[in-house]
Amino acid sequence: MSDARVMVFAPAPQLTVTIEQQHDQPELHVHPGGQGIWQTRMITSLGAEVILCAAVGGEVGRVLKPLLDFKGVTLRTVPRESGSGWYVHDRRDGQRRSLAEIAGAPFTRHELDELYNLALAEGLRAGIAILSGPAHPSVIKPEVYQRLAADLRANGVKVIADLCGDHLKAVLSSGLSVVKVSHEELIADGLSPDDSEKHLTEALIKLHDDGAESALVSRADAGALALINEEIYRVGTPKLTLTDGRGAGDSMTAGVAAVLARGGEMSEAVRTGAAAGALNVTRHGLGTGHQDAVQVLTERVKLTPIKKAR
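Residues numbered from 1 in each chain as written. Predicted model: local features only at pLDDT ≥ 70, side-chain atom pairs only at ≥ 80, totals over all residues. Heavy atoms only, no water.

Considering the packing of aromatic side chains
- Per the counting criterion, the structure on display carries one aromatic pair.
- Centroid distance phenylalanine 9 to tyrosine 145: 5.4 Å. Interplanar angle 75 degrees. Geometry classified as edge-to-face. Of this pair, phenylalanine 9 sits in strand S1 (residues 5-9) while tyrosine 145 sits in helix H4 (residues 142-154), and the two are 136 residues apart along the sequence.
- Residue classification places phenylalanine 9 among the buried residues on the basis of a relative accessible area of 1%.
- Over the ring of phenylalanine 107 we find arginine 80, and its NZ or CZ is 3.9 Å from the ring centre.
- Arginine 147 extends its terminal NZ or CZ atom over the ring of tyrosine 116, reaching a point 4.0 Å from the ring centre. (Phe/Tyr/Trp six-rings, centres within 6.5 Å; stacked < 30°, edge-to-face > 60°. Helix = DSSP H or I, 4+ residues; strand = E, 2+ residues; numbered from the N terminus. Buried < 20%, exposed > 50% of the residue type's maximum accessible area, 1.4 Å probe, protein only. Lys NZ or Arg CZ within 6 Å of the ring centre and 35° of its normal.)

So this is what it looks like as structure tokens:
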């Protein structure tokens, strides 16, 4: 087992069903999904171990739980009274189209207590934790994230948050080692009026001032911006042909976590995260990519300083 371990808090994973076209036949793919699961896949691809903390329930949960237990993962789950979330997507014509989806019911107080205790204990054991969001914000309250981030940080755990909206606001008040957010999320949350570098840079500085030691904003194919050690950088990545853009940001978060888990510097973590995100868009599977390919791409990622944060 690897010495590099990350606790991934993925409270409400989903069962994903995707219909693809393989030559003249439709093909069905059934996988576990959700932000934390895609992050977990990439972290294990990069050679680190994951302790996955999640809750599953109902008929969907019985199908979902064994799919979560893949190589490189120590699975820790609590049972839910209600069914786990799911979605069915049709991608036979090359474009992803949602046929039906359910995010999942809100957690009960008892479920939250059990999941919280589990994630706290495993986060303390791992020493580094990713807090990932649910498919819909109604599933779990922001204050759960706030409390978990605060308790982990108070006990020396590095906390990485990949959240938006009220959930992001809540964890920032507890302090974070790293926050990753997309430019679309910054605009939707009113933290940036547009996708200009000037305004996104200002948003990064605000995230830092509000409690994040380091901050990353992904910008689709425009390349990320990063705030590291009071300096803002453009993150230049190799141009690759897009197959599926979904999951690139989650792969970036995973790359950052995998490097920090093995004691690497934040600059190396950002470069690896950018490479993992760039590689992910060339593949159909979310949160996937080979370690050697990520390593080669990492060597081609350039950090260009553009502004002091102070």
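Once the structure has been displayed, the description carries forward.
Some details on the sheet that holds strand S7 (residues 97-102)
- Taking strand neighbours across the sheet as the criterion, the four strands line up as S3-S2-S6-S7 in an open arrangement whose pairing is mixed. Since the sheet does not close on itself, it has two edges, and those belong to strand S3 (25-33) and S7, each with one partner. The average angle at which neighbouring strand axes cross in this sheet is 15 degrees, direction not considered.
- Alignment of strand S2 (residues 14-22) against strand S6 (residues 85-90), held across six bridges, turns out to be parallel. (Pairing = 2+ DSSP bridges. Axes fitted to C-alpha atoms, helices over the stretch in contact; angles between N-to-C directions.)

Considerations on H4
- The end-to-end C-alpha distance of H4, which contains 13 residues, comes to 18 Å, matching closely the 18 Å that a straight helix rising 1.5 Å per residue would cover.
- All buried positions along H4 are accounted for by Pro142, Val144, Tyr145, Leu148, Ala149 and Leu152. Take H4 and look down its axis: the buried residues cluster within an arc of 155 degrees, on one side only.
- Summarising the contacts, the buried residues of H4 are in contact with S1, helix H3 (109-126), strand S8 (128-132), strand S9 (158-162), helix H5 (165-172) and strand S10 (176-182).
- Two residues or fewer past H4, glycine 156 is found with a positive phi of approximately 85 degrees. (Expected span 1.5 Å × (residues − 1). Arc of directions from axis to C-beta. Contact = heavy atoms within 4.5 Å.)

What about the nonpolar core?
- Within the largest apolar cluster, 47 residues are counted, with the highest numbers of intra-cluster contacts made by Phe9, Leu131, Val171 and Leu207.
- Examining the composition of this core, we find that seven residues originate from one element, H3, more than from any other.
- Setting aside chain neighbours within four positions, we find phenylalanine 9 in contact with Cys53, Leu115, Ala119, Ile130, Leu131, Ser132, Ile140, Tyr145 and Leu148.
- Within the second largest apolar cluster, 46 residues are counted, among which are Leu46, Leu75, Ile130 and Met266. (Core = buried A, V, L, I, M, F, W, Y, C linked by side-chain atoms within 4.5 Å.)

Concerning a nonpolar patch on the surface
- Residues Leu28, Val30 and Val63 make up a contiguous nonpolar surface patch of roughly 250 Å² in combined accessible area.
- Tracing the chain through its elements places valine 30 in strand S3.
- For valine 30, a relative accessible area of 35% corresponds to the partly exposed category. (Patch = residues over 30% accessible without salt bridge, like charges linked within 9 Å, V, L, I, M, F, W, Y side chains within 5 Å. Areas by Shrake-Rupley, 256 points an atom, 1.4 Å probe, with all protein chains shown as cover. Salt bridge = Lys/Arg side-chain N within 4 Å of Asp/Glu carboxyl O.)

Structural notes on the pattern of salt bridges
- Tallied over the entire structure, the rule returns 13 salt bridges.
- In this structure, the salt-bridge partner of glutamate 122 is arginine 76, at a minimum N-O distance of 2.2 Å. Taken together, the residues glutamate 122 in helix H3 and arginine 76 in strand S5 (residues 73-80) connect sequence positions 46 residues apart.
- Since its relative accessible area comes to 6%, glutamate 122 is described here as buried.
- As a salt-bridge pair, glutamate 268 and arginine 262 come within 3.2 Å of each other at their nearest N and O atoms.
- A cluster of three or more residues bridged by salt bridges with shared partners is formed by Arg76, Glu122 and Arg125.

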